[in-house]
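Secondary and tertiary structure notes
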Amino acid sequence: MGGYCGKLLRVNLNTGELNKENLDTGIAKKFIGGRGLATYLLSQEVDPSIDPFDPANKIIFATGPLTGSQAPTSGRHMVVTKSPLSGTVASSNAGGFWSAELKRAGFDLVIVEGKSDKPCYISINDSAVELRHAENYWGKLVSETTDLLLQDIEDSKARILTIGPAGEKLSLLACIMNDKYRAAGRSGVGAVMGSKNLKAIVVRGTGKLEPAKPEAAKRVLKEVRKKIRENDVTAKGLPTYGTSVLVNIINESGIYPTRNFQQAYFEKADEVSGEALAEKYLVRNVACYNCPIACGRHSRVDAVEGEGPEYETLWAYSANCGVDDLAAVIRANNWCNEYGLDTISSGATIACAMELYEKGIIKHDEIDGPPLTFGSSEAIVEWTRKMGAAEGFGAKLALGSYRLAEEYGVPELSMSVKKLELPAYDPRGVQGHGLQYATSNRGGCHVRGYMISPEILGLPEKLDRFSLEGKAVWVKAFQDLTAVIDSLGLCLFTSFALEADDYKDMFNAIVGQDWTKETLLEAGERIWNLERIFNLKADIRPEEDRLPKRLLEEPIPQGPSKGHVHRLAELLPQYYKERDWSEEGIPTEAKLIQLGIA
């Protein structure tokens, strides 16, 4: 069977049962795999109204049919559960090598349910699966846990997925780390894993994955690799400067959020850019499994060494906090890696706290660390550590910016959508991207429909970023295609170079299908609507398809996008219409019947 192993592993932490189940390949193909299949299983097995920390909530680790194959960038997996941060469906994506190892061990998914009485970890060695004690690893940092596990199991080729102390302490910003530095970063998935007393999943696989149509796969993958090699973004920009190549591009467009989105241009961006990182602190490039792009950065500042920071991290801790100290950003990023924290939400929460502090809303005598002032290098490093350790005022920050600002009576100062912090693009200067923020099924997210590609980079074609014309059509198309890419098990960065037909051709060759482009994109639309239905059942109403008040009412004060606000009220009805939803933003029965999910 091409693409799919045909097995899932179900782990019941209440009873200790470990069951290997046959995968329903008909359902798998209907939802492709990865994000789509895991969302379907979550919808079938978990009440969307459940408390995310209830043991009955499940957490699903899902590969796609192309994960572990010879397709470029096929080292991706999804972590799907109900988010404790937003209350929405959570589907966090990670790269590295762990997912390919899981496929080689013979499993498409791991479903974890229940709660262990004591800290534990799951050991998968091909078909041999065990539940083991993890008291010795509980409380350890991510790098310590990884090194100790590899030492104890005496297999240096195994791959480790783990939470850090932030997940153990149920920080709503906790992520799940694998291969030390790769993160399923957003939506607080690490806290769900921590709530189950599950510290890690260790995987070793030796199986081989073969395409259903070897000759077709050889031809298609050769063409795809050629496109990636010839694209300026995937062959030049990302390999040379990593994702941080965007710093100056976004800043010069006047959409680089600064000081908690009070401005959109950072005057010191050059000092904390991808170019500066490459010049001062870069040790080497790093690639995930079977990736020709190698956008990862391995950096070093004095004794602090590791992967990152990525573009979003650089922004969250520099411009958004008014800091122009690249070394401090690298140190803050390191604490996020070690404690297992989402760098976007962590930096954005500190930025929100800084605005509250400078406005006198947070009083100096309330905090037990450095003053929360914009521009403070000491603050971003120490408060990240305190957030990870849930120490003092850091424990309050570890719940995210929305709950922080809400506690002080100013929720509008949290730059978030559905309680998930917004990333590094001011939507006032990119109307399509702002619509994507507002309608994203997991909240404030840039990788559910990356409209920066056409609106700023001109890929696949250049759009007027201030215009509303056609933006609803583009956003829907990008969201559906992204659902496909996430479900296939590929990196979103391939979309800079590839088109829908390329993904269709890879899927057909590896899985052994004869799908059209339209069939593939309809699967993406099916996944998007299924997520929407989960959220509605979780009481995430269409009224939450909104942006922070600041971005709707306060024009950008200076820079290339000066004077603009986001015009969401005009775009949202167009988007609902484009999706064939009701005027209130509810998927219609006719649409759900058409997609086969009624």
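Attention in this report is confined to the structure presented alongside it. What you see is a predicted model; the values in this text were computed from it and never measured.

Summing up its helical and strand segments, the protein has 24 helices and 17 strands in all. Against the globule reference of 25 Å for 598 residues, the protein gives a C-alpha radius of gyration of 22 Å, in line with a compact fold. C-alpha atoms of the protein, sized along the principal axes, occupy 60 × 55 × 45 Å. In the protein, buried positions account for 64% of the 598 residues. Taking the contacts inside the protein whose residues are at least 6 apart along the sequence as the reference set, 69% of them involve residues at least 24 apart. Surface summary for the protein: the accessible area is close to 20,400 Å², and the carbon and sulfur share equals 47%.

One finds Ile380 and Met506 to be the most contacted residues of the largest nonpolar core, which totals 146 residues. Apart from the residues lying within four places of it in its own chain, the contact partners of Met506 are Leu66, Ala71, Val220, Leu221, Val224, Leu490 and Leu498.

Attention shifts here to the pattern of salt bridges. Once the charged atoms of two side chains with opposite charge are near each other, the side chains can pair. What the rule picks out here adds up to 47 salt bridges. The salt bridge involving Arg10 is made with Glu21; its shortest N-O contact spans 2.7 Å. Taken as a pair, Arg10 in strand β1 (residues 7-12) and Glu21 in strand β2 (residues 17-22) lie far apart in primary sequence, 11 residues in all. We classify Arg10 as buried; its relative accessible area is 14%. The network of salt bridges with shared partners includes Lys476, Asp480, Glu525, Arg579, Asp580 and Lys591.

Rules of the game
- Residues numbered from 1 in each chain as written.
- Predicted model: local features only at pLDDT ≥ 70, side-chain atom pairs only at ≥ 80, totals over all residues.
- Heavy atoms only, no water.
- Helix = DSSP H or I, 4+ residues; strand = E, 2+ residues; numbered from the N terminus.
- Rg over C-alpha atoms; globule rule 2.2 N^0.38 Å.
- Buried < 20%, exposed > 50% of the residue type's maximum accessible area, 1.4 Å probe, protein only.
- Contact = heavy atoms within 4.5 Å.
- Areas by Shrake-Rupley, 256 points an atom, 1.4 Å probe, with all protein chains shown as cover.
- Core = buried A, V, L, I, M, F, W, Y, C linked by side-chain atoms within 4.5 Å.
- Salt bridge = Lys/Arg side-chain N within 4 Å of Asp/Glu carboxyl O.

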